[in-house]
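Descriptive structure summary
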Amino acid sequence: MPRGIPNAKRDDSGMRYTSMHVPLASNPKQLGASYLKSESQTLWARNAAKKQKLPAEDVPAPSPDQRRGSHVIVIHPGSRWLRIGKASEVTPVSLPNVIARKHKPPVPEPTFVEGIMRARSRTTPPSSTPQPPNGDEYAVAPASDDPFEEKLASITVSLRERMRFYKLRVTQNATSIASTFNEQFRPEIIPEANDPFRVEWIHEPDKEYLIGEQVLRISDPRKLGYSVRWPIHGHNFNTRDYPSVQMILDDIETIISTALFEKYKLTRGDYKNYSVVLVIPDFYDRAYVREFVNILLRSMGFKQICLQQESLAATYGAGISNACVVDVGAVCASVACVDEGLVIPDSRISLNMGGNDITEFLYVLLERINFPYRGANLALWHDWLVIEDLKARLCTLAEGDVALNLYDFVVRRYGKPTEKYGLRAYDEIILAPMCIFEPRVIEFDRKRIGSRSISSSDVTEEIIEHPADHVTQAMIISTQHLLPPPPPQPSQATVPAAPPEGRSPLPSETGAKLEQQEISLPSTANPTPPPTTLPVGESVEVSNGPVEVADMEGEEKTTQTTQPPQSAQQVRLGSVPSSSSYPGGLPIDVCFEASKLPLDVAIFNSARACGGDDRIRKYLQAVLVVGGSAHIPGMAHALESRLQAIATPLVPNMEKVQIIPPPKDVDPKVLAWKGAAVLAKMDSVADLWLTCTDWDMLGMRGLKERCFYLC
């Protein structure tokens with residue numbers, strides 16, 4: 001027998017099941033090997049060592065005066081705007097994320113999906129609103145039994161309570177006065193020579209496609225044979241307006257490549273010398289990220305890519321390491337907490353409301369007071385811009401700005417003279433942005449009609465699945481009142497009870513659960529105070545000392561949350577199928593139900609999901625608001641007062657909630673892009689790049705290993 005081969009054990013038994021020799025146990029030395037256990041043995045280290053041995057490529061050497069980051073493109077795609085530019089620049093190029101392509105006739109007619117509830121009868125004059133019989137100027141009575149009017153009255157009650165606390169007077173019959181003025185107003189015709197902001201309409205475009213601002217200047221897209229589409233909707237692709245996902249990817253590639261050519265004269269042959277930093281949503285879909293990386297690395301041929309989430313990018317741009325980042329975009333709003341440069345996965349929560357809902361709600365409110373520009377169609381872009389301009393100039397969240405004022409606006413349409421209108425409005429300017437704190441009037445079910453998922457359960461990325469990939473702890477906290485209670489816990493029956501004292505150190509879970517019972521269930525909202533308000537009133541008086549703003553908000557919200565939620569749970573859970581097909585294996589669609597939360601409650605639940613009371617205090621004292629809706633006047637104070645009202649009775653030793661202002665001379669809209677540009681100029685970014693070869697070999701697994709901070 002040759003040396004080195006151990007003697008096989010003789011089998012003396014006469015019966016064997018097989019003639020195959022059974023191998024011996026493996027060598028213990030092999031089990032203790034160091035293969036792939038050191039950093040030098042990873043794929044990234046081997047690629048780096050291989051690159052050093054290869055001859056240097058003919059890449060132009062950077063000039064001494066070349067700025068750092070000049071060969072890195074930072075891309076931040078959004079629902080309405082695409083922000084793209086070199087990392088070495090101060091501000092990005094912001095262009096509407098829209099494309100118009102030639103379409104074979106018949107061209108589909110543009111449609112508008114209404115996301116705000118409408119009144120049943122739009123002919124009821126606001127002057128017929130009944131006055132409260134007790135003579136209280138702050139009292140509010142619904143104009144009719146219409147569901148929209150009742151929900152609008154509940155939002156108005158919240159506004160009047162805040163005005164009462166700040167001792168602001170209410171103008172009587174303001175709605176009737178504004179309605180009469182708007183109905184009688186006739187527009188003024190402005191000659192084209194006297195209009196300094198006249199639009200240079202595109203009459204006969206000779207291109208196969210147009211992007212950005214040029215699309216919005218097409219005189220009549222349908223008549224000229226162009227189909228106008230927005231490829232991104234919220235935190236995912238716009239599958240509602242596209243028949244196939246490949247068309248979405250083609251349009252995104254066309255928009256990015258055209259923008260790079262128009263701004264930097266970059267062609268496809270130049271992409272191999274540029275790296276890309278892509279900003280992705282906090283709570284992202286893997287299929288969305290996978291397809292976007294395929295576009296940039298495979299289709300367009302960029303050198304390498306690095307990904308960064310929006311909340312982390314915003315903290316980089318603001319120069320802070322710990323914050324609760326609130327990003328209010330056009331379609332969606334997201335909340336996530338960042339701890340020492342890492343996004344806490346369980347704190348992420350996405351809300352299905354944003355600036356577009358404020359715009360639409362403002363239009364609905366102005367229609368109630370006889371909006372002088374009659375016949376406006378929000379599906380047409382020039383009419384949408386009129387309401388957007390009014391939102392930017394009129395809307396506020398400061399109660400002191402509510403007054404019966406006169407405003408003007410200009411309507412510019414193709415083939416018609418420029419018209420200047422006058423408008424009188426009262427509390428419509430503050431009720432419209434309050435819908436993000438009182439989302440009763442938002443039609444969440446109607447919003448997702450026609451949308452379909454691009455991911456499939458049959459496709460795997462060879463990544464270990466974590467529960468936070470589908471449902472986060474913040475979402476579960478927000479929907480606890482909708483989930484069936486576990487039967488073994490007898491103490492669960494005491495959770496819905498109202499707290500006996502507002503200043504007592506209650507567990508944060510119990511308190512926020514009570515907050516959700518009213519807010520995320522519009523059916524349980526009742527403007528009439530329930531009979532169990534006496535203990536709540538006592539708690540308000542106790543908390544009247546240190547935090548005054550919290551008392552008024554706490555009285556309003558806590559009064560409504562004392563309603564018994566049993567019937568609401570039975571109604572919701574009665575329609576849940578026995579075999580759950582929702583993400584996370586839960587009996588309800590937690591992501592969808594949590595997307596209905598008011599913004600202030602979502603921020604508090606996001607902080608709660610991070611840990612104990614110390615972490616709640618830590619993140620509520622560092623709230624960073626970014627996005628387009630951060631420009632609304634009074635947003636910081638509105639958030640502070642509402643968060644203070646929620647946190648003071650529930651978190652022991654809670655100090656003042658603080659909203660961190662963005663850095664000086666930095667637009668909150670581009671703060672996330674600025675943060676990604678900061679990352680692109682760091683020396684440590686060299687360890688985060690993912691090349692096309694790595695992507696082809698490892699896919700999403702390589703992205704997880706390379707961009708380790710992604711959650």
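Not measured: the values here are computed from a predicted model. (Residues numbered from 1 in each chain as written. Predicted model: local features only at pLDDT ≥ 70, side-chain atom pairs only at ≥ 80, totals over all residues. Heavy atoms only, no water.)

1. Some details on the pairing of strand 13 (residues 333–339)
For clarity, the threshold we go by: Categorising residues by exposure relies on relative accessible area from a 1.4 Å probe, with only protein chains included: less than 20% of the type maximum marks a residue as buried, more than 50% marks it as exposed, and the intermediate range marks it as partly exposed. Numbering of helices and strands starts at the N terminus; helices are DSSP runs of H or I of at least 4 residues and strands are runs of E of at least 2. Note on pairing: DSSP must find at least two bridges between two strands before they are called paired.
Judged by how many residues are buried, strand 13 sits mostly within the fold: seven of seven residues are covered. Burial of strand 13 is two-sided: the residues A333, V335, C337 and D339 facing one way and the residues S334, A336 and V338 facing the other way are all buried. Of the pairings in the sheet, the one linking strand 12 (residues 322–328) to strand 13 comprises seven bridges and is antiparallel in character. Looking at the pairing, A323 lines up with V338 of strand 13. The hairpin formed by strand 12 and strand 13 contains four residues between the paired strands. Where strand 13 lies against strand 15 (residues 349–351), three bridges are found, and the strand directions are antiparallel. If you follow V335 over to strand 15, its bridge partner there is I349. Across two bridges, strand 13 lies against strand 14 (residues 342–343) in antiparallel orientation. Bridge pairing links D339 to L342 in strand 14. Connecting strand 13 to the next strand, strand 14, in antiparallel fashion are two residues, including E340 with a positive phi near 50 degrees.

2. Brief notes about the side chain of T239
Short version of the rule: Contact between two residues is taken to exist if any of their heavy atoms lie within 4.5 Å; hydrogens are not considered.
Along the polypeptide, T239 turns up in the loop between strand 9 (236–237) and helix 6 (245–264). The contact partners of T239, leaving out residues within four places of it in the chain, are I248, G450, S451, R452 and I454.

3. Regarding the sheet that holds strand 3 (residues 93–96)
Counted only if it meets this: To define axes, lines are fitted to C-alpha atoms, for helices over the stretch in contact only, and angles between the resulting N-to-C directions are given on a 0 to 180 degree scale.
Strand order in the open sheet formed by six strands is 3-2-1-10-11-20, and the pairing between neighbours is mixed. The open sheet has two edge strands with one neighbour each: strand 3 and strand 20 (690–691). Bridge analysis of strand 10 (residues 275–280) against strand 11 (residues 304–309) gives six bridges, and the strand direction is parallel. Across the sheet, the residue bridging to L278 is L307, located in strand 11. Packing against the sheet, helix 7 (residues 286–299) makes contact with strand 1 (72–77), strand 10, strand 11 and strand 20, and its axis sits at approximately 150 degrees to strand 11. Lying over the sheet, helix 22 (residues 671–680) contacts strand 1, strand 2 (81–86), strand 10 and strand 11, oriented at roughly 155 degrees with respect to strand 1.

4. Things to note about unusual backbone geometry
What you tend to see is this: most non-glycine residues have negative phi, and most peptide bonds are trans. Note that the residue after P105, namely P106, is joined by a cis bond; omega there is 0 degrees. Assignment of secondary structure puts P106 in the loop between strand 4 (99–102) and helix 3 (147–165). One non-glycine residue, K265, lies in positive phi territory at about 60 degrees. Among the secondary structure elements, K265 is positioned in the loop between helix 6 and strand 10. Residue classification places K265 among the exposed positions, given a relative accessible area of 55%.

5. Remarks on the packing of aromatic side chains
The way to describe two aromatic rings as a pair is by their centre distance and the angle between their planes. Keep this limit in mind: By convention, a stacked pair of Phe, Tyr or Trp rings (six-membered ring in the case of Trp) has centres within 6.5 Å and planes under 30 degrees apart, an edge-to-face pair has planes over 60 apart, and any other such pair is tilted. Cation placement over rings: the criterion is NZ of Lys or CZ of Arg within 6 Å of the ring centroid and within 35° of the ring normal.
Evaluation of the coordinates by the stated rule reveals 14 aromatic pairs. Plain terms: the ring middles of F165 and Y166 are 5.2 Å apart, the flat faces sit at 80 degrees to each other, and that makes the pair edge-to-face. Judged by centre distance (5.5 Å) and plane angle (70 degrees), the rings of Y288 and F292 are edge-to-face. Of the two residues, Y288 and F292 are both situated in helix 7; the distance of four residues between them amounts to about one turn of the helix. A relative accessible area of 3% places Y288 in the buried class. Through successive ring pairs, a cluster of aromatic residues spans Y363, F371, Y373, F409 and Y421. If you follow R229 out to its NZ or CZ, it ends over the ring of Y242, 5.1 Å from the centre. Between the NZ or CZ atom of R642 and the centre of the ring of F437, over which it lies, the distance is 4.3 Å.

6. Regarding helix 21 (residues 635–647)
Cut-off, in case you're wondering: Here, expected helix span is obtained from the residue count minus one, scaled by 1.5 Å.
Over its 13 residues, helix 21 runs 18 Å from end to end, which matches the ideal 18 Å to within 8%, given 1.5 Å per residue. When we look at burial in helix 21, the residues that qualify are M635, A638, L639, E640, S641, R642, L643, Q644, A645, I646 and A647.

7. Side note on the pairing of strand 18 (residues 623–626)
Rules: Orienting the strands away from the viewer, one traces the path from the first strand over the helix to the second; a clockwise path indicates a right-handed crossover.
Side-chain alternation along strand 18 places V623 and V625 on one buried face and L624 and V626 on a second face that is also buried. By the bridge criterion, four bridges tie strand 12 to strand 18 in an arrangement that is parallel. Bridged to D327 within strand 18 is V626. Examined bridge by bridge, strand 18 and strand 19 (residues 659–660) share two bridges and lie parallel to one another. Across the sheet, the residue bridging to L624 is I660, located in strand 19. For the segment spanning strand 18, helix 21 and strand 19, crossover handedness is right-handed.

8. Details of the packing of helix 6 against helix 7
Rule in force here: Should an angle fall under 35 degrees it is called roughly parallel, over 145 degrees roughly antiparallel, and 65 to 115 degrees roughly perpendicular, with every other angle called oblique. Put simply, a crossing is left-handed when the front helix is turned counterclockwise from the back one by less than a right angle, and right-handed when it is turned clockwise. Throughout, the ten residues Ala, Val, Leu, Ile, Met, Phe, Trp, Tyr, Cys and Pro are labelled nonpolar, Asp, Glu, Lys and Arg are labelled charged, and all others, Gly among them, are labelled polar.
Running from N to C, helix 6 and helix 7 point in directions that differ by 55 degrees, and their axes come no closer than 10 Å. Taken together, the axis directions place helix 6 and helix 7 in an arrangement best described as oblique. For helix 6 against helix 7, the interelement crossing comes out right-handed. Facing helix 6, whose interface residues are L249, I252, E253 and I256, helix 7 presents E291, F292, I295, L296 and S299. When grouped by side-chain class, the residues that make up the contact of helix 6 with helix 7 number six nonpolar, one polar and two charged.

9. Looking at the environment of I295
By the secondary structure assignment, I295 is in helix 7. Taking relative accessible area as the criterion, I295 reaches 3% and is therefore assigned buried. A sequence separation of 42 residues divides I295 from E253, and the C-alpha atoms of the two residues are 6.5 Å apart. Other than its neighbours up to four places away in sequence, I295 contacts L249, I252, E253 and M300.

10. Notes on the environment of E253
Of note, E253 is situated in helix 6. Residues E253 and S299, spaced 46 residues apart in sequence, show a C-alpha to C-alpha distance of 8.1 Å.

11. Examining the nonpolar core
As a rule of thumb, soluble globular proteins bury nonpolar side chains together. Test applied: To qualify as a nonpolar core, a set must consist of buried Ala, Val, Leu, Ile, Met, Phe, Trp, Tyr and Cys residues joined through side-chain atoms within 4.5 Å.
Counting 100 residues, the largest nonpolar core has F361, L599 and L620 as its most contacted members. Element by element, the count of residues in this core is highest for helix 9 (residues 355–368), at seven residues. By size, the runner-up hydrophobic cluster in this structure holds 75 residues, among which are W673, A676, M700 and L703.

12. A look at the environment of Y619
For Y619, the position within the fold is in helix 20 (residues 613–620). Taking the C-alpha atoms as reference points, Y619 and F604, separated by 15 residues in sequence, lie 9.1 Å from one another. Contact partners of Y619, with chain neighbours within four places excluded, come to A323, C324, C337, V338, D339, I344, A607 and C610.

13. Structural notes on the pattern of salt bridges
For clarity, the threshold we go by: By salt bridge we mean one thing: a side-chain nitrogen of Lys or Arg within 4 Å of a carboxyl oxygen of Asp or Glu.
This model, assessed by the stated rule, comprises 27 salt bridges. Close ionic contact of R68 with D683 constitutes a salt bridge, the shortest N to O distance being 3.3 Å. Note that R68 is positioned in the loop between helix 2 (43–53) and strand 1 and D683 in the loop between helix 22 and strand 20, a separation of 615 residues in sequence. Each member of the salt-bridge network shares a partner with another, and the members are E114, R118, E360 and R446.

From the geometry alone we can't say anything about function, so treat these as descriptive.
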